[in-house]
Amino acid sequence: MAESQSLASVELQILGKTVQELALNPENLPKSYIHEQGGAGFRDALLPSESEGIPVVDLHLLTSPSTAQQELAKLHYALSTWGCFQAINHGMPSSFLDKVREVSKQFFDLPKEEKQKYAREPNGLEGYGNDQILIQNQRLDWTDRVYLKVQPEDQGNLKVWPQKPNEFGSTIFEYTKNLKLLTEVTLKAIANSLNLEKDCFVKECGEKDTMFLRLNYYPACPMPDHVLGVKPHADGSSITFLLQDKEVEGLQILKDNHWFKVPIIPDALVINVGDQIEIMSNGIFQSPVHRVVVNAEKERLTLAMFHIPDSEKVIKPVEKLVNESRPKLYRPVKDYVGLYFQYYQQGRRPIEASKIEL
Ligand SMILES: O=C(O)CCC(=O)C(=O)O
Ligand SMILES: [Fe+2]
């Protein structure tokens, strides 16, 4: 008993206050969450015009022989201009996506003591907690998360898998199964859109690829002009699938030095390339820098699924995309995700470590 109590207090100390708790006492936000130079600009991002907005790509059309060419051209345009697209017709019904959102929300609604059972362990990555503090004077993200290795199934840390709500495990399992299939479909389509052999990126990612799921819960925040849900970053994945909140927007993408809002399409998945496809595509598709703003009245919940290549594989530009007019722009890297966290917290982009200055 004494032992389990002391363990709990260590975890509490590590976690500090969750954002959900801070939100209950809004007059007193810790300075570590405040971006002095914020300003209304945080929320005044542009909404892309309809014709130049983030393209909506129909995955069914993309994989049907008679319609694939046109949809592939759209995919190529989307990834070379925005680094992302909104995927519809992905095969998961609206009711299922609602269920995924519901079990995730139910977890954050549990009493603190229950959630603490799944707290991230000291020095661990997986589990429940607030932003990890990796450097001094770090600005913290206004979000509580559950981070889980969901694929391969037998490699997850079961100790930090929420046991409540009851349907959490089975729903997330089903969601992962769907996104594993969609990963293959998407990587093949990306290869096709570059006129590469369709298995090219699947092979480059290796057989020991993994998937990590992050549930992001952003409580309403009394200082939306000076607090960010997530600082500007690009993902270290090959590709990322984001299931947005159905009603509350917050995601913004940096393009041509302007922040643009990513509109909500309730049943779509936002799919973006991460740094590792940027490297493999020799920069033809670039991993978009994005951030999350918060809302003074409303909470927001999203699920991000990251597909991560085998950490033993050397990631490098595909030979066919290197030629005289397009020299190699990136050095080979291994275990990109290992590099990622330190760089991210320092506000630096780990991709810089791989870029070749011409
Ligand atoms: O919540 C969002 O809209 C985006 C989250 C995100 O960028 C991430 O988890 O990497
Ligand atoms: Fe992200």
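Cut-offs applied
Residues numbered from 1 in each chain as written. Chains lettered and ligands numbered in written order. Predicted model: local features only at pLDDT ≥ 70, side-chain atom pairs only at ≥ 80, totals over all residues. Heavy atoms only, no water. UniProt positions renumbered as here; feature names shortened; annotations may be inferred. Helix = DSSP H or I, 4+ residues; strand = E, 2+ residues; numbered from the N terminus. Phe/Tyr/Trp six-rings, centres within 6.5 Å; stacked < 30°, edge-to-face > 60°. Buried < 20%, exposed > 50% of the residue type's maximum accessible area, 1.4 Å probe, protein only. Lys NZ or Arg CZ within 6 Å of the ring centre and 35° of its normal. Contact = heavy atoms within 4.5 Å. Pairing = 2+ DSSP bridges. Axes fitted to C-alpha atoms, helices over the stretch in contact; angles between N-to-C directions. Donors = N, O, S within 2.8 Å, 3.2 Å for Na, K, Ca; no water. Near = heavy atom within 4 Å. Polar contact = N/O pair within 3.5 Å; in protein donor to acceptor, adjacent residues only side chain to side chain. Areas by Shrake-Rupley, 256 points an atom, 1.4 Å probe, with all protein chains shown as cover. Nonpolar A, V, L, I, M, F, W, Y, C, P; charged D, E, K, R; others polar. Expected span 1.5 Å × (residues − 1). Arc of directions from axis to C-beta.

**Student:** How would you sum up the UniProt feature "domain: Fe2OG dioxygenase" (unreviewed entry) in the protein chain? Please name residues and give values.
**Tutor:** With numbering aligned to this structure, UniProt lists the feature "domain: Fe2OG dioxygenase" (unreviewed entry) at residues 209-309. The distance from the first to the last C-alpha atom of residues 209-309 is 5 Å, and the span holds 6% helix and 47% strand.

**Student:** So what's going on with the packing of aromatic side chains? Residues and values would help.
**Tutor:** Counting across every chain of the model gives eleven aromatic pairs. Aromatic side chains Phe108 and Tyr217 sit 4.9 Å apart centroid to centroid with 20° between the ring planes, which places their arrangement in the stacked category. Of the two residues, Phe108 sits in helix α5 (residues 94-108) while Tyr217 sits in strand β5 (residues 210-218), which places them 109 residues apart along the sequence. Assessed through its relative accessible area of 0%, Phe108 is described here as buried. Summarising the aromatic geometry, the rings of Tyr147 and Phe212 are spaced 5.4 Å apart at their centres and angled 20° between planes, so their arrangement reads as stacked. With Tyr147 in strand β4 (residues 144-151) and Phe212 in strand β5, this pair connects stretches of sequence that are 65 residues apart. As far as the burial class goes, Tyr147 and Phe212 line up, both buried. Of the aromatic side chains, those joined through ring pairs into one cluster are Phe107, Phe108, Tyr118, Tyr128, Trp161, Phe168 and Tyr217. Here the guanidinium or amino end of Arg291 rests over the ring plane of Trp259, the centre of that ring lying 4.2 Å away.

**Student:** Report on the environment of Pro266, specifying residues and quantitative values.
**Tutor:** Relative to the helices and strands, Pro266 is located in the loop between β9 (258-261) and β10 (269-273). Note: C-alpha distance between Pro266 and Lys112 (154 residues apart in sequence) is 29 Å. Here Pro266 is in contact with Arg101 and Lys246, once residues within four sequence places are set aside.

**Student:** Describe the sheet that holds strand β7 (residues 239-243), naming the residues involved and giving the relevant values.
**Tutor:** Strand-to-strand pairing in sheets goes through backbone hydrogen bonds, with the strands running parallel or antiparallel. Pairing is mixed across the open sheet formed by eight strands, whose spatial order is β1-β2-β10-β7-β12-β5-β4-β3. Strand pairing shows two members of the sheet lacking a second neighbour, β1 (56-58) and β3 (127-130), which therefore form its edges. Each neighbouring strand pair of the sheet contributes to a mean axis angle of 25°, computed without reference to strand direction. Strand direction decides the pairing type here: β7 and β10, joined by four bridges, are antiparallel. By the bridge assignment, Thr240 is partnered in β10 with Asn272.

**Student:** Please set out unusual backbone geometry residue by residue, giving values where relevant.
**Tutor:** Cis peptide bonds are those with omega within 30 degrees of zero, and the linkage from Gln151 to Pro152 qualifies with -5°. Looking at the secondary structure, you find Pro152 in the loop between β4 and α7 (168-193). Cis rather than trans, the peptide bond between Lys164 and Pro165 has omega equal to -5°. For Asn89, which is not glycine, the phi dihedral falls at a positive 55°. In the Ramachandran plot, Asp335 falls in the positive-phi region, its phi being about 45° despite a non-glycine side chain. By the secondary structure assignment, Asp335 is in the loop between β12 (300-308) and α10 (336-345).

**Student:** For the coordination of the iron ion (ligand 2), give the residues involved together with the corresponding values.
**Tutor:** Looking at the iron ion (ligand 2), the protein donor atoms are His233 (NE2), Asp235 (OD) and His290 (NE2), and they sit 2.1 to 2.3 Å from it. All donors to the iron ion (ligand 2) come from one chain, and their sequence spacing reads H-x1-D-x54-H. With His233 in strand β6 (residues 228-233) and His290 in strand β11 (residues 290-293), this pair connects stretches of sequence that are 57 residues apart. The exposure classification of His233 matches that of His290, with both residues buried.

**Student:** Explain the site of ligand 1 residue by residue, including any values.
**Tutor:** Taken together, 13 residues lie near ligand 1, and Arg214, Tyr218, His290, Arg300 and Thr302 sit nearest. Side-chain polar atom of His233 to an oxygen atom of ligand 1: 3.1 Å apart, as the coordinates give it. With respect to ligand 1, the side chain of Arg300 contributes an N or O atom lying 2.9 Å from an oxygen atom. Relative to its free-state accessible area of 300 Å², ligand 1 is covered by the protein chains to the extent of 98%. Looking at the shell around ligand 1, the elements that each hand over two or more residues are β5, β11 and β12. Across the shell around ligand 1, the residue classes break down as six nonpolar, four polar and three charged.

**Student:** How would you explain helix α4 (residues 68-81) if you had to name every residue and give the values?
**Tutor:** Spanning 14 residues, α4 covers 20 Å between terminal C-alpha atoms, matching the ideal 20 Å at 1.5 Å per step. Those residues of α4 that fall on the buried side of the exposure criterion are Ala68, Glu71, Leu72, Leu75, Ala78 and Leu79. Taken around the axis of α4, the buried residues stretch over an arc of 120°, which confines them to a single face. Those residues of α4 that are exposed and angled more than 90 degrees off the buried face are Gln69 and Gln70. For α4, the secondary structure elements touched by its buried residues are β1, α3 (59-62), β2 (84-88), α7 and β10.

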